[in-house]
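# Coordinate analysis (summary)
Residues per chain are reported as follows:
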Amino acid sequence: MKNHIISAFRLTLVMLAVVGIYLVIVYGGSKILPTQGNAEIITYKGQKFYANIGQEFKSDQYFQGRPSSVNYNAAGSGGSNKGPSNEEYLETVQKRMDTLKLDNPAMKNTKVPVELATASGSGLDPDISPEGALYQVKRIAKLRNLPEGKITDLIKTQTEKPLLGLFGPSKVNVLKLNMALDQLK
């Protein structure tokens, strides 16, 4: 019995050390990131927005981000637990694709980028792919009376490349893109 208690105590001390070292590495690693592990807060027109949380844009004059399974409520972050074989889920995705094609009639024969029809795991993804942004250019150019080339150039300037050119996909933050879009004349 005494041997088991001593072994358990040793294991507890080793695990505390391992977990402590892990936490120090994760915390230290977060401090080398651009936002130092904190939320990126942007003040725009007197309002504060979190750039790392998906926002809902209801006007057709703006780029639309990923759909949210939690209605963009950061307090209730979470995805749907419906799989790709679930009929209700497939209907939801099809409705989103139909809506996108109605909102973007010039793109009705173009493949809908997946992130515009499916919600992310958290329901709060702030980014879309450059292809997802380009899919919406014709609609926005028409509604804002701007040349498509100008909006395409804006997307290129707002596109974030993969970390070190290796890790992750290229992405566009929808909030920042829409704020930059408002600045275009």
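You'll find the structure just up there.
Now for a description of the structure that goes with this document. Note that this is a predicted model, so its numbers are computed, not measured.

Secondary structure summary: the chain contains six helices and five strands in total. Mapped from its N terminus to its C terminus, the chain presents α and β elements in the order α-β-β-α-β-α-α-α-β-β-α. By the compact-globule yardstick of 16 Å for 185 residues, the chain is too spread out, its C-alpha radius of gyration being 22 Å. Residues counted as buried form 30% of the 185 residues belonging to the chain. Sequence-distant contacts in the chain: of pairs separated by 6 or more residues, those separated by 24 or more amount to 60%. Accessible area of the chain: about 12300 Å², with a carbon and sulfur share of 59%.

Turning our attention to the sheet that holds strand S3 (residues 127–128). The strand order across the open sheet built from three strands is S3-S5-S4, with neighbouring strands paired in antiparallel fashion. The strands lining the two open edges of the sheet, one partner per strand, are S3 and strand S4 (159–160). Here two bridges tie S4 to strand S5 (residues 171–173), and the two strands are oriented antiparallel to one another. Among the inter-strand pairings, Glu 160 is bridged to a residue of S5, identified as Lys 171. Together, S3, S4 and S5 form the strand contacts of helix H6 (residues 174–183), whose direction differs from that of S5 by roughly 65°.

Tallied over the full model, the rule gives one aromatic pair. Across from the ring centre of Tyr 62, 4.9 Å away, lies the NZ or CZ of Arg 144, which sits over that ring.

Interaxial distance between helix H5 (residues 148–158) and H6 falls to 10 Å at its minimum, and their mutual angle equals 135°. It follows from the interaxial angle that H5 and H6 lie oblique. Crossing geometry of H5 relative to H6 is assigned as right-handed. Contacts between H5 and H6 involve Ile 151, Leu 154, Ile 155 and Gln 158 from the first element and Lys 176, Leu 177, Ala 180 and Leu 181 from the second.

Turning next to the environment of Pro 162. Tracing the backbone through its elements, the reader meets Pro 162 in the loop between S4 and S5. If sequence neighbours within four positions are ignored, Pro 162 has contacts with Phe 167, Gly 168, Pro 169 and Ser 170.

Before going further, it helps to examine the pairing of strand S2 (residues 47–50). The pairing of strand S1 (residues 41–44) with S2 spans four bridges and is antiparallel. Its bridge partner being in S2, Tyr 44 is matched across the sheet by Gln 47. A loop of two residues connects S1 with S2, the two strands running antiparallel in sequence, and Lys 45 in this loop sits at a positive phi of about 55°.

Conventions used here
Residues numbered from 1 in each chain as written. Predicted model: local features only at pLDDT ≥ 70, side-chain atom pairs only at ≥ 80, totals over all residues. Heavy atoms only, no water. Helix = DSSP H or I, 4+ residues; strand = E, 2+ residues; numbered from the N terminus. Rg over C-alpha atoms; globule rule 2.2 N^0.38 Å. Buried < 20%, exposed > 50% of the residue type's maximum accessible area, 1.4 Å probe, protein only. Contact = heavy atoms within 4.5 Å. Areas by Shrake-Rupley, 256 points an atom, 1.4 Å probe, with all protein chains shown as cover. Pairing = 2+ DSSP bridges. Axes fitted to C-alpha atoms, helices over the stretch in contact; angles between N-to-C directions. Phe/Tyr/Trp six-rings, centres within 6.5 Å; stacked < 30°, edge-to-face > 60°. Lys NZ or Arg CZ within 6 Å of the ring centre and 35° of its normal. Parallel < 35°, antiparallel > 145°, perpendicular 65-115°, else oblique. Left-handed = near helix turned anticlockwise from the far one by under 90°.

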